[in-house]
Amino acid sequence: MKIKSIQLRRLHLPMKEPFRTSFGVESEKDVILVEVQTEAGAVGFSECVTSSEPLYSEETNGTAWHMIRDFFAPKVLDTEFHTPAELLTVGDKLHSFKGNRMAKAAVEMALWDAYANETQIPLHQLIGGEKTEIAVGISVGIQPTTDALVKKVNGYLQQGFQRIKVKVKPGYDLEPLAALRREFGDIPLMVDANSAYRLKDLSHLREFDGFGLMMMEQPLANDDLVDHARLQKELQTPICLDESIHSAEDARKAIELGACRIINVKVGRIGGFAEALRIHGVCQDAGIPLWCGGMLETGIGRLHNVALTTLPGFTLPGDTAPSARYFEQDLIEPEVVFSRPGFLPVEDVLGVASRLRMERVEKWQVDAETVNK
Ligand code: OSB
Ligand code: MG
């Protein structure tokens, strides 16, 4: 496979409802798509998991566009990849450029997707995935009232989601959790704080132990491992790291320190499929369970997340909900839908371009640029 051209597109796609976390609210999906064309005529797509503002991480759609256009895409233009083993080295070509892993991941994932299209081998097979369906839970944004939360969660349980993840922040945590336990009993329940607490909140965080949660996701700072290790020693509830894990090295150090007992892998956050496979290896060796997180992706990222989740180390339900969770109409057809309640099918996707509705991409597109060497 030889890379002939790379295009960037930016879309503003309407969302069904706003999604609120401890750091802010997202009401529209502002997304960058990367499109790769090969000499043989294959097409690969990916979506970048950056957002408009640097609230989840330092990266934004603006910085990602700049990084991909000016540094990352030119590095892979005209290069050749003949085997999956060679695709594992895309990251090495970008390694001298520091950070910006979301932007790097978008390029890397589009190359894997193009390779699946060119070789007609589904992505999940290329990366060594094994499952034929995957179990999924749902991430529930912060609601205006506890009643509203209970109502939402009830609907999701009816639909069959395998676990409920509730976004929390100081002032919106113990009371909603108590209401959910009262209403729904022993459901698989977890929280995600998106770095809203500090170690000084220890006595408050201890109270979460009373709710029998599957895990507490990223309670402390986005760039911290040391305080998470101190916190984990004080809590019964397993800590799951999301924002703090950018690489397999981070995973190794977090495990060594005892900073978490579970890791949320977002392939778009950590630099791509190759790094995800390395994290998978580190965590399998250490007996650390994984699950696949989400970034409110369109169907493009959703299909890539499904492929990732087929790896055997992803033993806990992920955040990859059906397309209809966020979008009236996804960019792909058929959309991502349950095969049975709480499960997504693993389909043989030979590149997401085969599912993409270009007229919908064009409908929501606000910017486009072809990258030159
Ligand atoms: O922390 O997992 C997170 C959404 C945007 C940014 C960060 C996170 C999330 C979610 C939603 O929890 C996951 C999804 O449904 O895609
Ligand atoms: Mg999270």
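This write-up is about the structure you can find in this document. (Residues numbered from 1 in each chain as written. Chains lettered and ligands numbered in written order. Predicted model: local features only at pLDDT ≥ 70, side-chain atom pairs only at ≥ 80, totals over all residues. Heavy atoms only, no water.)

## A short note on the pattern of salt bridges
Moving on, step 1. Evaluated as defined, the whole model comprises 22 salt bridges.
Moving on, step 2. The residue D319 makes a salt bridge to R163 at a minimum N-O spacing of 2.7 Å. Taken together, the residues span a long stretch of sequence, with D319 in the loop between helix 12 (299-309) and strand 12 (343-345) and R163 in the loop between helix 6 (146-159) and strand 6 (164-167) at a distance of 156 residues.
Moving on, step 3. Classification of D319 by relative accessible area gives buried; the value is 10%.
Moving on, step 4. Owing to a relative accessible area of 1%, R163 belongs among the buried residues under this scheme.
Moving on, step 5. Of the charged contacts, one joins R252 and E249 as a salt bridge, the two residues approaching to 2.8 Å between their closest N and O atoms. Within this pair, R252 and its partner E249 are both found in helix 10 (residues 248-257), separated by 3 residues, close to a single helical turn.
Moving on, step 6. Its relative accessible area of 33% is what places R252 among the partly exposed residues.
Moving on, step 7. Here E249 falls in the partly exposed class, since its relative accessible area comes to 41%.
Moving on, step 8. If you follow the salt bridges from partner to partner, you end up with R163, K165, K167, D192, E217 and D319 in one network. (Salt bridge = Lys/Arg side-chain N within 4 Å of Asp/Glu carboxyl O. Helix = DSSP H or I, 4+ residues; strand = E, 2+ residues; numbered from the N terminus. Buried < 20%, exposed > 50% of the residue type's maximum accessible area, 1.4 Å probe, protein only.)

## A few points about the packing of aromatic side chains
Moving on, step 1. Counted by the stated rule, this structure contains 9 aromatic pairs.
Moving on, step 2. Judged by centre distance (5.4 Å) and plane angle (55°), the rings of F71 and F97 are tilted. Linking F71 in helix 1 (residues 61-76) with F97 in the loop between helix 3 (90-94) and helix 4 (101-119), this pair joins segments that are 26 residues apart in sequence.
Moving on, step 3. With relative accessibility at 23%, the residue F97 sits in the partly exposed group.
Moving on, step 4. Between the aromatic rings of Y197 and F208, the centroid separation amounts to 6.1 Å while the plane-to-plane angle is 80°, which identifies the pairing as edge-to-face. Residue Y197 is located in the loop between strand 7 (189-192) and helix 8 (202-206), and its partner F208 is located in the loop between helix 8 and strand 8 (216-217); the two are separated by 11 residues in the primary sequence.
Moving on, step 5. Owing to a relative accessible area of 0%, F208 belongs among the buried residues under this scheme.
Moving on, step 6. An aromatic cluster is present here, built from F19, Y326 and F327 joined pairwise through their rings.
Moving on, step 7. Sitting over the ring of W291, R163 keeps its end group 4.9 Å from the ring centre.
Moving on, step 8. When the ring centre of F343 is taken as reference, the NZ or CZ atom of R340 above it lies at 3.7 Å. (Phe/Tyr/Trp six-rings, centres within 6.5 Å; stacked < 30°, edge-to-face > 60°. Lys NZ or Arg CZ within 6 Å of the ring centre and 35° of its normal.)

## Focus: the sheet that holds strand 1 (residues 3-21)
Moving on, step 1. The strand order across the open sheet built from 4 strands is 3-2-1-13, with neighbouring strands paired in antiparallel fashion. The strands lining the two open edges of the sheet, one partner per strand, are strand 3 (43-48) and strand 13 (365-371). Neighbour-to-neighbour, the strand axes of this sheet turn through a mean angle of 20°, independent of strand direction.
Moving on, step 2. Summarising the sheet, strand 2 (residues 24-38) and strand 3 pair through 6 bridges and their orientation is antiparallel. Its bridge partner being in strand 3, Q37 is matched across the sheet by V43.
Moving on, step 3. Sheet strands touched by helix 1: strand 1, strand 2, strand 3 and strand 13. Its angle to strand 1, the strand with the most contacts, is close to 155°.
Moving on, step 4. Packing of helix 12 onto the sheet brings it into contact with strand 2 and strand 3, and relative to strand 3 it is tilted by some 95°. (Pairing = 2+ DSSP bridges. Axes fitted to C-alpha atoms, helices over the stretch in contact; angles between N-to-C directions. Contact = heavy atoms within 4.5 Å.)

## Quick word on the coordination of the magnesium ion (ligand 2)
Moving on, step 1. Within the protein, the atoms that donate to the magnesium ion (ligand 2) are D192 (OD), E217 (OE) and D242 (OD), at distances of 2.1 to 2.3 Å.
Moving on, step 2. Read N to C, the donor residues that coordinate the magnesium ion (ligand 2) are spaced as D-x24-E-x24-D. Residue D192 is found in strand 7, and its partner D242 is found in the loop between strand 9 (239-241) and helix 10; the two are separated by 50 residues along the sequence. With respect to burial, D192 and D242 carry one shared label: buried. (Donors = N, O, S within 2.8 Å, 3.2 Å for Na, K, Ca; no water.)

## Observations concerning the site of ligand 1
Moving on, step 1. The full set close to ligand 1 counts 16 residues, and S139, K167, N194, L296 and Y326 are the nearest of them.
Moving on, step 2. One of the side-chain N or O atoms of D192 is found 2.9 Å from an oxygen atom in ligand 1.
Moving on, step 3. In the model, an oxygen atom of ligand 1 is placed 2.9 Å from a nitrogen or oxygen of the K266 side chain.
Moving on, step 4. Burial of ligand 1 by the surrounding chains reaches 98%, relative to a free accessible area of 390 Å².
Moving on, step 5. Looking at the shell around ligand 1, its residues break down into 6 nonpolar, 3 polar and 7 charged. (Near = heavy atom within 4 Å. Polar contact = N/O pair within 3.5 Å; in protein donor to acceptor, adjacent residues only side chain to side chain. Areas by Shrake-Rupley, 256 points an atom, 1.4 Å probe, with all protein chains shown as cover. Nonpolar A, V, L, I, M, F, W, Y, C, P; charged D, E, K, R; others polar.)

## Remarks on the packing of helix 10 against helix 11 (residues 273-286)
Moving on, step 1. Between helix 10 and helix 11, the least distance of the axes is 8 Å, while the angle of their chain directions is 20°. Taken together, the axes of helix 10 and helix 11 are roughly parallel relative to one another. As helix 10 packs across helix 11, the resulting crossing turns out to be right-handed. Contacts between helix 10 and helix 11 involve A248, E249, A251, R252 and I255 from the first element and E275, R278, I279, V282, C283 and A286 from the second.
Moving on, step 2. Of the residues contributing to the contact of helix 10 with helix 11, the split by class is 7 nonpolar, no polar and 4 charged. (Parallel < 35°, antiparallel > 145°, perpendicular 65-115°, else oblique. Left-handed = near helix turned anticlockwise from the far one by under 90°.)

## Section: unusual backbone geometry
Moving on, step 1. Between E333 and P334 the backbone carries a cis peptide bond, its omega angle lying at -10°.
Moving on, step 2. One non-glycine residue, Q120, lies in positive phi territory at about 55°.
Moving on, step 3. Along the chain, Q120 falls in the loop between helix 4 and helix 5 (123-126).
Moving on, step 4. In the Ramachandran plot, S195 falls in the positive-phi region, its phi being about 70° despite a non-glycine side chain.

Geometry only, nothing functional implied.
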